[in-house]
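These are the residues of each chain, in order.
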Amino acid sequence: YQEKVAPDTEHIFGDDFYDKLSGVCTALDNVEARLYVDQRCLFYRLPMLESGTLGTKGNTQVVVPHLTENYGATRDPPEKSIPVCTLKNFPNQIQHTLQWARDYFEGEFKQSAEEVNAYLSSPPDQYLSTLQPNTKLDTLKVIRKTLVDERPVTFEDCVVWARLKFEELFNNQIRQLLHNFPPDQVTSSGTKFWSGSKRCPKALVFDLDSVDEDAQMRNHLDFVVAASNMRASMYGINGRTDEEYFRETLKNVIVPDFSPADGVKIAANDAEEQKNNEDMDTGDTEADEIWGSLPKPSELAGFQLNPIDFDKDIDDHMLFVTACSNLRALNYSIPTEDTHRSRAIAGRIIPAIATTTALVTGLICMELYKIVGTPRKTLTIEAYKNAFVNLSIPFMTLSEPSAPGKTKAVLKGKEWNWTAWDSLDMNLGDITMGEFMTYFEKEYNLEISMLSHGVSILYSFFAQKAKVEQRKAMKMSEVITSITKKDFPPNQLFITLEVIANEKDTDEEVELPYIKFRFR
């Protein structure tokens, strides 16, 4: 198959698919996919052999039902993100300017188009009710700018827009920053403001013939060509890339004069940035004015923009991001990078090394032999090994997997220490909800106070009596489809249910695993 293994392909990779497997050996490249497959292996109680490499580093983890903890039981700390303030005003590495350029691409060519499309495809009152008070004004400004003030009709309009964007991003904004924080500014402690990691910027003057020897690029021209074409693509206008056309068109562009203004707030650090955001006036009057001035969706029937998803493997996208990043790097005297290197940094690409791959493959295959070549019950947890290697040091360690964490419950008078591998299995067919609740209460001597499936509550003790009685008479699958408005795929055999239940005698809540209910 060439389909992604994910919630939206469970009609392909469903109960019947996993029923035929005796284990899963993953070869995944992201944590989200690993966590999803881990949940599937937990549900179907399948062993999972998980491994990964990152340059010279590699790791393997063996997951055995009921014997070891599952992959998702422990999580790595989230990656450190770049402080907002560094990105907005004080970059000092090419990674910062590339992230800024990617964020700009996302906002200008994707989010603005999506926001306009949402406005055009919803009833006005309904759309207005979805806007958050603290971002309402900014969102409406984006819609007006994209749909009215700066909406292009011809490709020439796109070129003019791109040229003015150059001026705004790489000249005007820098001059405003230097107006707020002059090069000789001193902090309250007497140290220079522009020192340490804060690089004093300089404004760029547009020059079509400017060549960046380090990156082997013409950043000024490349930015205008790439930005014009991205803009045209968003509006469904045919683009072009011939240099002569751009030279001729740019001669006629009138760039407005700019003077830095007093009273413009620029945060010097993240704490100030947060305070500025909190103090921001929601601007209800201005928002109402903009809302009143927007064309009605009915006046633009059928008009839609094309949001552009950034893809590092599309050359036009990378040309824009590289030129945009390099121009910002030139603002701050940061060494620039060519498109190839920028692609690797922006895509967080760490080259694969064959020796790491070979070693990790060998290590995980050792665990595969143990799982397929030995009756599972004869092996204890000590027999299995997880590995972590770093060939650049060189370092290698093997460790026993951890046992799964246990939760204590008392069922039918007996103590039960259950783990993430356990569930209450019910193979009763598609009975009514009333029959299900009666069976559960008799079987476990527990009273259900809430029953749910995913985010849908099927039963709760505080629900309206008439609704409860109505649902009790319906089959379990019917109750769920009536709430979710989705039919079950024909290959689905099980329904996952979560339950909150109390002991009948003491009314104490009992912590239970999920219910694996077979309805077909």
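The rules behind the values
- Residues numbered from 1 in each chain as written.
- Predicted model: local features only at pLDDT ≥ 70, side-chain atom pairs only at ≥ 80, totals over all residues.
- Heavy atoms only, no water.
- UniProt positions renumbered as here; feature names shortened; annotations may be inferred.
- Helix = DSSP H or I, 4+ residues; strand = E, 2+ residues; numbered from the N terminus.
- Phe/Tyr/Trp six-rings, centres within 6.5 Å; stacked < 30°, edge-to-face > 60°.
- Buried < 20%, exposed > 50% of the residue type's maximum accessible area, 1.4 Å probe, protein only.
- Lys NZ or Arg CZ within 6 Å of the ring centre and 35° of its normal.
- Arc of directions from axis to C-beta.
- Contact = heavy atoms within 4.5 Å.
- Core = buried A, V, L, I, M, F, W, Y, C linked by side-chain atoms within 4.5 Å.
- Domains from an automatic or database assignment.
- Polar contact = N/O pair within 3.5 Å; in protein donor to acceptor, adjacent residues only side chain to side chain.
- Pairing = 2+ DSSP bridges.
- Axes fitted to C-alpha atoms, helices over the stretch in contact; angles between N-to-C directions.

Participant: Explain the UniProt feature "domain: Ubiquitin-activating enzyme E1 C-terminal" (unreviewed entry) in the protein chain here, please?
Facilitator: Taking the numbering used here, the UniProt-annotated feature "domain: Ubiquitin-activating enzyme E1 C-terminal" (unreviewed entry) corresponds to residues 384-515. Helix makes up 22% of residues 384-515 and strand 38%, and the two end C-alpha atoms of the span are 30 Å apart.

Participant: Could you clarify how one ought to interpret the packing of aromatic side chains in this entry?
Facilitator: Aromatic ring pairs are described here by two measures, namely the spacing of the ring centres and the angle between the planes. All told, the structure shown has 36 aromatic pairs when counted by the stated rule. A ring pair is formed by phenylalanine 166 and phenylalanine 223, whose centres lie 6.2 Å apart and whose planes are at 65 degrees; its orientation type is edge-to-face. One end of the pair, phenylalanine 166, is in helix α7 (residues 155-180); the other, phenylalanine 223, is in helix α8 (residues 219-235), and 57 residues separate them in sequence. Accessibility assignment for this pair places phenylalanine 166 and phenylalanine 223 in one class, buried. For the ring pair phenylalanine 461 and phenylalanine 462, a centre distance of 5.2 Å and an interplane angle of 80 degrees mean the geometry is edge-to-face. For the pair phenylalanine 461 and phenylalanine 462, one class covers both residues: exposed. These aromatic residues form a ring-pair network of at least three members: Trp100, Tyr104, Phe105, Phe109, Trp161, Phe166, Phe170, Phe206, Phe223, Phe310 and Phe320. A cation over a ring is seen here: arginine 231 above tryptophan 161, with NZ or CZ 4.2 Å from the ring centre. One residue, lysine 516, lies across the ring of phenylalanine 43, its end atom 4.6 Å from the ring centre.

Participant: Just checking my understanding: could you explain helix α17 (residues 476-484) for this structure?
Facilitator: Residues lying three or four places apart along an α-helix face the same way, a consequence of the helix completing one turn every 3.6 residues. Taken together, the buried positions of α17 are occupied by Met476, Ser477, Val479 and Ile480. Taken around the axis of α17, the buried residues stretch over an arc of 160 degrees, which confines them to a single face. In this structure, the buried residues of α17 make contact with α15 (433-444), β9 (446-453), β10 (456-460), α16 (465-472), β11 (494-503) and β13 (515-518). Following α17 by one or two positions, lysine 485 adopts a phi angle in the positive range, close to 60 degrees.

Participant: Is there a simple way to explain the nonpolar core in this structure?
Facilitator: If you look at soluble globular proteins, the nonpolar side chains tend to sit buried side by side. With 75 residues, the main nonpolar core has Phe170, Phe223, Phe246 and Phe320 as its most contacted residues. Among the secondary structure elements, those contributing two or more residues to this core are α4 (94-121), α6 (136-149), α7, α8, α9 (243-251), α11 (284-293) and α12 (315-331). Ignoring sequence-local partners within four residues, the contact set of phenylalanine 320 consists of Ala101, Tyr104, Phe105, Phe109, Phe223, Ala226 and Ala227. Judged by nonpolar contacts, the second largest core, of 30 residues, contains Leu411, Tyr444, Ile480 and Ala501.

Participant: Just checking my understanding: could you explain the domain arrangement of the protein chain for this structure?
Facilitator: Where the parts come together, the accessible area they lose is often given as the size of the interface. Under the domain assignment, the protein chain is made up of domain 1 (15-78 + 352-399), domain 2 (84-337) and domain 3 (406-518). Taking the mean C-alpha position of each, domain 2 and domain 3 sit 52 Å from one another.

Participant: For this particular structure, what's the right way to read the environment of tyrosine 235?
Facilitator: In this fold, tyrosine 235 is placed in helix α8. Separated by 122 residues in the primary sequence, tyrosine 235 and alanine 113 place their C-alpha atoms 8.9 Å from one another. At 2.5 Å, the side chain of tyrosine 235 and the backbone oxygen of threonine 146 are in polar contact.

Participant: Help me understand the side chain of threonine 86 in this model?
Facilitator: You can see threonine 86 is positioned in helix α3 (residues 84-88). Excluding residues that lie within four positions of it along the chain, threonine 86 makes contacts with Pro91, Asn92 and His96.

Participant: Explanation requested: α11 in the structure shown.
Facilitator: What α11 keeps buried is the set Ala287, Ile290 and Trp291. Taken end-on, α11 shows its buried residues confined to a sector of 100 degrees, consistent with a single buried face. Facing away from the buried side of α11 by over 90 degrees, the exposed positions are Thr285, Glu289 and Gly292. Check the buried side of α11 and you find it contacts α4, α5 (124-130) and α6.

Participant: Is there a simple way to explain the sheet that holds strand β1 (residues 24-25) in this structure?
Facilitator: Whenever strands of a sheet pair, they do so through backbone hydrogen bonds, lying parallel or antiparallel. Reading across from one edge, β1-β2-β3-β4-β5 is the order of the five strands in this open sheet, with mixed pairing throughout. Either end of the sheet is taken by a strand with one partner, and the two such strands are β1 and β5 (395-399). Here β1 pairs with strand β2 (residues 48-54) via two bridges, running parallel. Directly across from valine 24, in β2, lies its bridge partner methionine 48. Lying on the sheet, helix α2 (residues 31-44) is in contact with β1 and β2; it crosses β2 at an angle near 170 degrees.

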